[in-house]
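# Architecture and fold: a report
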Amino acid sequence: MRRSPLPLLMAIIAVLMSSGLAAFGSQTALNLKSAPPNEAGLVPILEYHELVPKLKVTGYQYPSALFRREMEWLYNHNYRPINLLDYVAGKIDCPAGMSPVILTFDDALGGQFRYLANGSIDPDCAVGILEDLHRRHADWPLRGSFFVLTDGNGHLPAPFYQKKTALKKMRYLVSQGFEVGNHTVSHAMGIKHWTDEHVENEVGGAVVNIQKYLPGYDVREIALPFGIYPKSVSLLKSGVGQGFAYHNDCAMMAGYQPAPSPMDKRFDPYHLERIIPGDKAFQIRYWLDWLETHPKKRFVSDGDPTTYTLPATEAKKLNRARLLGSGFRVQFYKASRSVTQKLASHAH
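The rules behind each value
Residues numbered from 1 in each chain as written. Predicted model: local features only at pLDDT ≥ 70, side-chain atom pairs only at ≥ 80, totals over all residues. Heavy atoms only, no water. Helix = DSSP H or I, 4+ residues; strand = E, 2+ residues; numbered from the N terminus. Expected span 1.5 Å × (residues − 1). Buried < 20%, exposed > 50% of the residue type's maximum accessible area, 1.4 Å probe, protein only. Contact = heavy atoms within 4.5 Å. Arc of directions from axis to C-beta. Pairing = 2+ DSSP bridges. Axes fitted to C-alpha atoms, helices over the stretch in contact; angles between N-to-C directions. Parallel < 35°, antiparallel > 145°, perpendicular 65-115°, else oblique. Left-handed = near helix turned anticlockwise from the far one by under 90°. Nonpolar A, V, L, I, M, F, W, Y, C, P; charged D, E, K, R; others polar. Core = buried A, V, L, I, M, F, W, Y, C linked by side-chain atoms within 4.5 Å.

This paragraph deals with helix α2 (residues 64-76). Its 13 residues give α2 an end-to-end C-alpha distance of 18 Å, which sits within 8% of 18 Å, the value for a rise of 1.5 Å per residue. All of the buried residues in α2 are Ser64, Phe67, Glu70, Met71, Trp73, Leu74 and Tyr75.

What follows is the structure in structure tokens.
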């Protein structure tokens, strides 16, 4: 006869409380009926490449009209974008009842950021679509990571394929709250066969090239071309390439499923999975629909970036050491009670 897991869960919570991990007391009351928080839930990290005018999805090309529709859907279904480095640090600054989503763009292609002949931003490029949504909805912040390729090695186009405005674009992205990330120097597939020195030169050299456009910019995130890793993952974390000492807080895969909460035991910042566009199995449409039909699996914010709030039944997922080391507080609740009732019964 199988034993109920509830006593074990309660024991875990008791241990967390006695360690000081759980902070009870004066917290904001939360609405458990319309938007119960679950900050142990899944976070979708979306991966885009080129946006194009045509309506057919082809390889890495994705229609601008579908991207616009996707962003509107996210807004209307209570998703709000956050930056990748904030997610990795566990700082989920998202309104109560909303869910974080992370937007990433690889290769610095023209359809991501384009200026028209009159100097305005193309309304059908990714930046133009995101800015339009932000203008109409102030609670949709401009956030996202652009993993850029540059013309630093002389063999690739300037970022976003408009050489005369490449500098302006790079500076504009950072000024508006977006992040710029590393995508290596040459975007080659053979990284798993390279020597350590070669890997370091590809990673460090890419930062050198980015800083030609953004002097002193702190590049701390990398997306591996084609999701291929070097023999030594430690070289992605830090190293010296082309005379430059680099450090990355995270590395992006070309995976197929939503990422865990940053305080989940499974969280690995150097193997973060992303989801590609489309409506086939394990693509963006598939996973967004899946999270709609499995709402208890989705990360839902409590509105407080310093505290993790989650159902007591999710306590076993937490990385206790990381929570303590990062200075976050945590609070649990039973689904049948309000958080304020739970807190009152455990105030100390």
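Turning to the environment of glutamate 70, a few remarks are in order. Mapped onto the secondary structure, glutamate 70 falls in helix α2. On the accessibility criterion, glutamate 70 (5% relative accessible area) is buried. If we skip the residues at most four places from it in the chain, glutamate 70 touches Tyr48, Tyr62 and Ile284.

Here the focus is the environment of glutamine 242. Tracing the backbone shows glutamine 242 in the loop between β9 (238-241) and β10 (244-247). When the C-alpha atoms of glutamine 242 and asparagine 201 are compared, they prove to be 5.3 Å apart, with 41 residues separating the residues in sequence. Glutamine 242 has contacts with Val185, Asn201 and Gly205, leaving out every residue within four places of it along the chain.

Turning to helix α5 (residues 166-175), its buried residues number three or more, namely Ala166, Lys169, Met170 and Leu173. The arc that holds the buried residues of α5, viewed along the axis, is 95°, so those residues lie on one side. The positive-phi residue at the C-terminal boundary of α5 is glycine 177, with phi of around 105°.

Quick look at the pairing of strand β1 (residues 45-48) now. Residues Ile45 and Glu47 line one face of β1 and the alternating positions Leu46 and Tyr48 line the opposite face, and both faces are buried. Pairing geometry for β1 and strand β5 (residues 99-106), over four bridges, is parallel. The residue bridging leucine 46 from the neighbouring strand is leucine 103, located in β5.

Time to look at the packing of α2 against helix α4 (residues 126-136). As a packed pair, α2 and α4 sit with axes 10 Å apart at the nearest point and diverge in direction by 30°. Between α2 and α4, the angle falls in the class roughly parallel. For the crossing formed where α2 meets α4, the hand is right-handed. Contacts between α2 and α4 pair Ser64, Phe67, Arg68, Met71 and Glu72 from the former with Ala126, Ile129, Leu130, Leu133 and Arg136 from the latter. Tallied by class, the residues present in the contact of α2 with α4 amount to six nonpolar, one polar and three charged.

Glancing now at the nonpolar core. Core analysis: the biggest nonpolar cluster contains 59 residues, and Phe67, Met71, Leu74 and Leu130 have the highest contact counts within it. Excluding residues that lie within four positions of it along the chain, phenylalanine 67 makes contacts with Tyr48, Leu51, Tyr62, Phe105, Ala126, Ile129 and Leu130. Cys250, Ala259, Ala312 and Val330 belong to the second largest nonpolar core, which has 30 residues in total.

Next up on the list: the packing of α2 against helix α8 (residues 284-293). Interhelical geometry of α2 versus α8 gives an angle of 15° and a closest axis separation of 12 Å. Relative to α8, α2 is oriented roughly parallel. As for how α2 packs across α8, the hand of that crossing is left-handed. Residue-level contacts link Glu70, Trp73 and Leu74 of α2 to Ile284, Arg285, Leu288 and Glu292 of α8. Looking at the contact of α2 with α8 residue by residue, the classes come out as four nonpolar, no polar and three charged.

Any functional reading would require information beyond the geometric quantities listed.
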